[in-house]
Amino acid sequence: MTRLQFPDQFVWGSATAAFQIEGATKEDGRAPSIWDTFCAEPGRVRDGDTGDVACDHYHRLAEDLDLMSELGLPSYRFSVSWPRVIPAGSGAVNQAGLDFYSRLVDGLLERNISPLVTLYHWDLPQPLQDAGGWTSRETAERFAEYAEVLGRSLGDRVPTFTTLNEPWCSAFLGYASGVHAPGLTDNALALTAAHHLNLGHGLAVQALRSVVPARTQMSITLNLAQVYPATDSAEDEWAARHVDAISNRIFLDPILQGQYPAELLTDTAHITDWSFIADGDAAAIHQPLDLLGINFYTPSSVAKATEEIRAQVTGRWVNDPSQADAGPSSYPGTDLAFSIPQPGPYTDMGWPIRPQAFTELLLRVHKDYPGVPLAITENGCAYADVLSADGAVHDPERIDYVAKHLAAVHAAIEGGADVRGYYLWSLMDNFEWAWGYSKRFGMVHVDYDTLVRTPKDSARWFSSVIADNAVTV
Ligand code: PNW
């Protein structure tokens, strides 16, 4: 057994998102988001699950704050529901919505828990989708207005704001593979959305800066893909570079370095001419950042889309071993590469467990984008956890997964990566998007009939990791 000690100022926490836990979707002036609409469309979400009740966090705020306190969390990452705060997406502010987040922030501070606030975790107000969603430039401008409202209301008490959570998912799962809201399948639209998400980030940082104290930290959270070629052929090496450009550098380069990679523009020229980029956008997107949030779950394996492999195309991105015999599927956003099923072991999502890839990803970001401190804003795993007769939830697989990934973060820090914190996804079981409530990512079990919360063994274990500022593997 090896005890791995983390740096003194390392920040530990856990993360959630508004739509996944709050419920109360029709209360106190909240209006529908694209996820409410998506849930109502038959066949989109497993078992027809919706966010209407979720974990009922909206009504159980005090209980959940006490739970975080009991677990000894030094920090909590949550997201604000845009349609709760500005129900129409622009214009009138709903004070009741703002008050909820104000109470949440105060409740955290009273318990010495530092808030990390994400402005957008996918619940776009439906009226903005009706006007084009992220394919429309105006959505980026509306996002900046919303950011300013939150900056004015919470900026005195929130040390760090994150603009977007995983814009890759918003753009490519929402507009290319269609497995997330709004459920569209058009690569050109996805690339347009990616640009407007980048622009929204840049405009939001500027809007926040104009109203929050100078000490406030600005960040964005990206789910970076650690991409490996399926074979060592030149074709697959090319595919890995292409997928890296279309899923990582499409965000990292403009945000941290001020321009899109040339190969991204040329390799997608048959999909779009990128004419949605306006003069001044590059400068607007390239805002100084204090922290880069990274979410990591599993790496990707890709192959070049040759005629041979095309013959086996399912047309849909599959990363689920039970569907592996469906063959490779197109990588979201491109027709030039395919996602290739990988060997196990897998979590309950069917995602391969590869902690080494996490270390490699962090070291790559450190090398290619030096100077920006990093935080792991999500990492975790789903397992089919059950309440056992003794009243506990035994989840040794989660402890094993998280311990190995913490060791991977530790190795990256030893290798020079400036990683400042780690947020476990998730505080509690919740609405896992297209999978509904069928996938449990929580360190706290939620009984969806009674809404009773039961800390799993992993929660007790994570508390001790936090208390020791160390993990033993
Ligand atoms: C992230 N993919 O979503 C989100 O930030 C969370 O809200 C979510 O619950 C968590 O990871 C677990 O899924 C992702 O298919 C969803 O590559 C899908 C993918 C990546 C991230």
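Refer to the structure above for everything that follows.
The rules behind each value
Residues numbered from 1 in each chain as written. Predicted model: local features only at pLDDT ≥ 70, side-chain atom pairs only at ≥ 80, totals over all residues. Heavy atoms only, no water. Axes fitted to C-alpha atoms, helices over the stretch in contact; angles between N-to-C directions. Helix = DSSP H or I, 4+ residues; strand = E, 2+ residues; numbered from the N terminus. Parallel < 35°, antiparallel > 145°, perpendicular 65-115°, else oblique. Left-handed = near helix turned anticlockwise from the far one by under 90°. Contact = heavy atoms within 4.5 Å. Nonpolar A, V, L, I, M, F, W, Y, C, P; charged D, E, K, R; others polar. Phe/Tyr/Trp six-rings, centres within 6.5 Å; stacked < 30°, edge-to-face > 60°. Buried < 20%, exposed > 50% of the residue type's maximum accessible area, 1.4 Å probe, protein only. Lys NZ or Arg CZ within 6 Å of the ring centre and 35° of its normal. Pairing = 2+ DSSP bridges. Polar contact = N/O pair within 3.5 Å; in protein donor to acceptor, adjacent residues only side chain to side chain. Core = buried A, V, L, I, M, F, W, Y, C linked by side-chain atoms within 4.5 Å.

For the rest of this paragraph, the subject is the packing of helix α9 (residues 187-209) against helix α10 (residues 234-257). Close contact between α9 and α10 brings their axes to 10 Å; oriented N to C, the two are set at 30 degrees. Considering the angle they form, α9 stands roughly parallel to α10. Seen from above, α9 lies across α10 with right-handed handedness. Between α9, through Leu 191, Ala 194, Asn 198 and His 201, and α10, the contact on the second element is made entirely by Ile 246, Ile 250, Phe 251, Pro 254 and Ile 255. Grouping the constituent residues of the contact of α9 with α10 by class yields 7 nonpolar, 2 polar and no charged.

Let us look at the packing of aromatic side chains. Enumeration over the complete set of coordinates arrives at 35 aromatic pairs. Relative to Tyr 101, the ring of Phe 78 has its centre 6.4 Å away and its plane inclined at 0 degrees; by these criteria the two rings are stacked. A residue pair is termed long-range when its members are at least 10 positions apart, and Phe 78 in strand β3 (residues 75-79) and Tyr 101 in helix α5 (residues 95-110) qualify at 23 residues. You'll find Phe 78 and Tyr 101 in the same group, each marked buried. In this structure, Lys 304 packs its charged tip against the face of Trp 238, placed 4.9 Å from the ring centre.

What follows is about the sheet that holds strand β11 (residues 337-339). Reading across the sheet, the 4 strands line up as β7-β9-β11-β10 and stay open at both edges, with mixed pairing between neighbours. Every other strand in the sheet has two partners, leaving β7 (227-229) and β10 (329-330) as the edge strands with one partner each. Most of the contacts of α10 go to strand β9 (residues 300-304), to which it runs at about 120 degrees, and overall it touches β7, β9 and β11.

Before going further, it helps to examine the side chain of Thr 272. Inspection of the secondary structure assignment puts Thr 272 in the loop between α11 (262-267) and α12 (281-285). Here the side chain of Thr 272 touches Trp 274 through a polar contact of 3.1 Å, landing on its backbone nitrogen.

Our focus in this paragraph is the nonpolar core. Across soluble globular proteins, you tend to see nonpolar side chains buried next to one another. Ranked by internal contacts, the top residues of the largest apolar core, which has 146 residues, are Trp 35, Phe 172 and Tyr 422. Leave out the neighbours within four places in its chain, and Tyr 422 touches Phe 10, Val 11, Trp 12, Gly 13, Ile 376, Asn 379, Val 402, Leu 406, Val 409 and Phe 462. Of all hydrophobic cores here, the second largest spans 5 residues; its members include Ala 303, Ile 309, Phe 338 and Ile 340.

It is the contact of helix α3 (residues 61-70) with α5, at a shortest axis distance of 10 Å, that shows an interaxial angle of 30 degrees. Classed by the angle they form, the pair α3 and α5 counts as roughly parallel. For α3 against α5, the interelement crossing comes out right-handed. On α5, the residues touching Leu 61, Leu 65 and Met 68 of α3 are Phe 100, Arg 103, Leu 104, Gly 107 and Leu 108. Each residue belonging to the contact of α3 with α5 can be placed in one class, and the counts come to 6 nonpolar, 1 polar and 1 charged.

Relative to the helices and strands, Leu 363 is located in helix α14 (residues 355-368). With a relative accessible area of 30%, Leu 363 lands in the partly exposed category. Considered as a pair, Leu 363 and His 180 are 183 residues apart in the sequence and their alpha carbons are 30 Å apart. With near-sequence residues (within four places) excluded, Leu 363 lies in contact with Ala 412, Gly 415 and Ala 417.

These results come straight from atomic positions and should not be treated as a statement about function.
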